[in-house]
Amino acid sequence: MASGLTIDSRFRPEYHFTAARNWLNDPNGLLYSNGVYHLFYQHNPHSADWGNMSWGHATSADLVHWDEQPVAIGCDGEEAIFSGSAVVDVHNTSGFGAPGTSPLVAIYTSAYSAGSPLAGRQAQSLAYSTDDGATWLKYAGNPVLDRASADFRDPKVFWYDGGTESYWVMVAVEAVDREVLLYKSRDLVTWEYLSTFGPANATGGVWECPDLFELPVEGEPGTSKWVLVVNLNPGGIAGGSGGQYFLGEFDGVRFRSDSTVTEGMQENGARMGEYGWLDWGRDYYAAVSFSNAPDGRRLMIGWMNNWQYGALTPTGGWRGAMTLVREVTLVRRAGQAGLAGRVVLKQQPVDPFAGTCDVVCAAPQQLSGSYPLTVEGPADVLRIDAEFVPGTANEVGLVLREGTGERTVLAYNVAQGVLRLDRTASGETRFHEDFASVERVPVALEDGRLRLQVFLDRCSVEVFAQDGLATITDQIFPSDTSTSLTVFAEGEGAALVSLGVVR
Ligand code: FRU
């Protein structure tokens, strides 16, 4: 054990990835190669606090069960290895592989330390693997893209196929300037400037970890949009770190947004509500996508934490978890005034419980008051599926992880059309003043119905409402004994259409 710390299993999630020990933040270098998904991540190999930033590594065949691998790219006396991406260089454009082979190439940010002649700068560098990700070598010509900037980071690289021309495109941020910079390359080594996007929409914090990809609009053959993801910290919708997205066009040079809110750049509540948010909770950050998931799927994963309090979460010897992997698609909204006709991102989890059966199943019934659910055995690792018709009730919802003096409340307020997750009494909250929070997201009923899918995994709640049109991701730190689960309606006239608990 490098750190000599006691590794505490308290709060350790069962189906969310954590490093066996020590610190973890952003997902990095997400790719798929020869049947294996690779997840790299910001990692301190020596302590449960941020520092010594290196790329940790884990692999999975199914995006649910992850095997930790040795550190892939380690920091040294000259540089810390900040966030970035990785690609399968199918045609060996870099020449890092033997002729006819496809090396894996990581594009990361070198955060130069005092020991380097470039001290204080952030520039983009390469590392490569010719053994399918098992071992990595830093490229001797690093950095490959240096703007003499202190805040130029988080490169996401993808292969752009423009029909007549194809090349690598990099999106990276000038974090403090709230800008996304685009570059192109034919060999991953030499980069040419294309354009700049931003500042736009949410600018209440530094811009970090961008991503850019094209998605079809579901049910509209021939229609697609480009999605530009920009994480920011602080300035997220729930407070602190969060992720926003823009929809628009990318012509191989420039991204043009058609979801930029141009009037009144002030960060007030109403204006922020119009921006596209990846998640409305406090614990979904630095989310980016796999570069080449099979079957054209666009799969994203985030760090389930927030820089507000991420350094203080009460876990022992390990700190930081990833969210579930989410498949993202684009759909055109029906209904709700103001949003009707708008294309939005829909997110569905890769389900760790797929193929398992309900352990509790409630019959359709009228709801008024509270109904405790009896779940045999430990009830802190679950999926709950519930469908309500709120009718004339004031609120419907679920009380999660309840015990003496502790409860996490997921409630839908009918008059407001708002779903909220209240973790103010969820358990340990006092490690930071910003932790005891209430998250809110506008949710329109569909044919009078509210569908909720809720994932509990010891220290987290991930909520997918209306099949993923709205999501809330939050950490919670309850006592082991707080495992009661209750469904409720406040006021008369609500119905529970279905309820299943899966473990
Ligand atoms: C985002 C971030 C990145 C940076 C990394 C350092 O959480 O601040 O911008 O590359 O973390 O660990």
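Residues numbered from 1 in each chain as written. Predicted model: local features only at pLDDT ≥ 70, side-chain atom pairs only at ≥ 80, totals over all residues. Heavy atoms only, no water.

Engineer: Looking at this model, I keep getting lost on the overall build of the protein. Mind explaining?
Structural biologist: On a plain count of helices and strands, the protein comes out with one helix and 33 strands. Radius of gyration (C-alpha) of the protein: 23 Å, near the 23 Å computed for a compact globule of 503 residues. Oriented by its inertia axes, the alpha-carbon framework of the protein measures out at about 70 × 55 × 40 Å. Buried positions account for 58% of the 503 residues belonging to the protein. Counted over contacts in the protein with a minimum sequence separation of 6, partners at least 24 positions apart contribute 60%. Looking at the protein as shown, the accessible area adds up to about 18,700 Å², and 49% of this sits on carbon and sulfur atoms. In the protein, 35 positive and 61 negative side-chain charges are present, and the distance between their average locations comes to 2 Å. (Helix = DSSP H or I, 4+ residues; strand = E, 2+ residues; numbered from the N terminus. Rg over C-alpha atoms; globule rule 2.2 N^0.38 Å. Buried < 20%, exposed > 50% of the residue type's maximum accessible area, 1.4 Å probe, protein only. Contact = heavy atoms within 4.5 Å. Areas by Shrake-Rupley, 256 points an atom, 1.4 Å probe, with all protein chains shown as cover. Lys, Arg positive; Asp, Glu negative; His and termini not counted. Charge placed at Lys NZ, Arg CZ, Asp CG, Glu CD.)

Engineer: Help me out: how do you make sense of the site of the ligand in this one?
Structural biologist: In the neighbourhood of the ligand, the contacting residues comprise Asn25, Asp26, Gln42, Trp50, Phe82, Ser83, Arg153, Asp154, Glu208, Tyr285 and Trp307. Within the side chain of Trp50, a nitrogen or oxygen atom sits 3.0 Å from an oxygen atom of the ligand. Burial of the ligand by the protein chains amounts to 95% of its free accessible area of 320 Å². Elements with a contribution of two residues or more to the shell around the ligand: strand S1 (22-33), strand S5 (79-88) and strand S9 (152-161). Of the residues contributing to the shell around the ligand, the split by class is four nonpolar, three polar and four charged. (Near = heavy atom within 4 Å. Polar contact = N/O pair within 3.5 Å; in protein donor to acceptor, adjacent residues only side chain to side chain. Nonpolar A, V, L, I, M, F, W, Y, C, P; charged D, E, K, R; others polar.)

Engineer: How do you make sense of the pairing of strand S11 (residues 179-185) when you look at a structure like this?
Structural biologist: The side chains of a regular strand alternate, first on one face of the sheet and then on the other. Of all the seven residues making up S11, six are buried; the element is thus mostly covered by neighbouring parts of the structure. Bridging between strand S10 (residues 166-174) and S11 involves seven bridges; their strand directions are antiparallel. From the neighbouring strand, Val173 faces S11, where its bridge partner is Val180. Counting the residues in the hairpin turn of S10 and S11 gives four residues, including Arg178, whose phi is positive at 55 degrees. One ladder, built from five bridges, connects S11 with strand S12 (residues 192-197); its direction is antiparallel. Within the sheet, the bridge partner assigned to Lys184 lies in S12 and is Glu192. Linkage of S11 to S12, two consecutive antiparallel strands, is achieved through a turn of six residues, within which Leu188 is found at a positive phi near 70 degrees. (Pairing = 2+ DSSP bridges.)

Engineer: Looking at this structure, I do not really get the domain arrangement of the protein. What am I missing?
Structural biologist: In terms of domains, the protein is made up of domain 1 (22-332) and domain 2 (356-502). Distance from the C-alpha centre of domain 1 to the C-alpha centre of domain 2: 32 Å. With 20 residues of domain 1 in contact, the opposing surface of domain 2 contributes 22 residues. Of the roughly 1,800 Å² buried between domain 1 and domain 2 on both sides combined, carbon and sulfur atoms contribute 61%. When the buried area of domain 1 at its contact with domain 2 is split by residue, Trp280, Met304 and Pro314 rank highest and sum to 31% of it. We note a salt bridge from Arg423 to Asp283, for which the minimum N-O separation is 2.9 Å. (Domains from an automatic or database assignment. Buried area = accessible area lost by both parts, 1.4 Å probe. Salt bridge = Lys/Arg side-chain N within 4 Å of Asp/Glu carboxyl O.)

Engineer: Where do I start with the packing of aromatic side chains in this structure?
Structural biologist: To describe a pair of aromatic rings, one takes the distance between the centres and the angle between the planes. Counted under the stated rule, the structure contains 35 aromatic pairs. Seen in terms of ring centroids, Tyr160 and Phe250 are 5.2 Å apart; in terms of plane orientation they differ by 75 degrees. Their pairing is edge-to-face. Residue Tyr160 is found in strand S9, and its partner Phe250 is found in strand S15 (residues 242-250); the two are separated by 90 residues along the sequence. By relative accessible area, Tyr160 is classed as buried at 11%. We classify Phe250 as buried; its relative accessible area is 6%. With centroids separated by 4.9 Å and ring planes inclined at 75 degrees, the aromatic side chains of Phe197 and Phe246 adopt a geometry described as edge-to-face. Residue Phe197 is found in strand S12, and its partner Phe246 is found in strand S15; the two are separated by 49 residues along the sequence. For the pair Phe197 and Phe246, one class covers both residues: buried. A connected cluster of aromatic rings, assembled from ring pairs, spans Phe11, Tyr309, Phe431, Phe435 and Phe477. Sitting above the plane of the Tyr167 ring, Lys184 keeps its charged end 4.2 Å from the centroid. A cation over an aromatic ring shows up here: Arg326 above the ring of Tyr284, its NZ or CZ 3.9 Å from the ring centre. (Phe/Tyr/Trp six-rings, centres within 6.5 Å; stacked < 30°, edge-to-face > 60°. Lys NZ or Arg CZ within 6 Å of the ring centre and 35° of its normal.)

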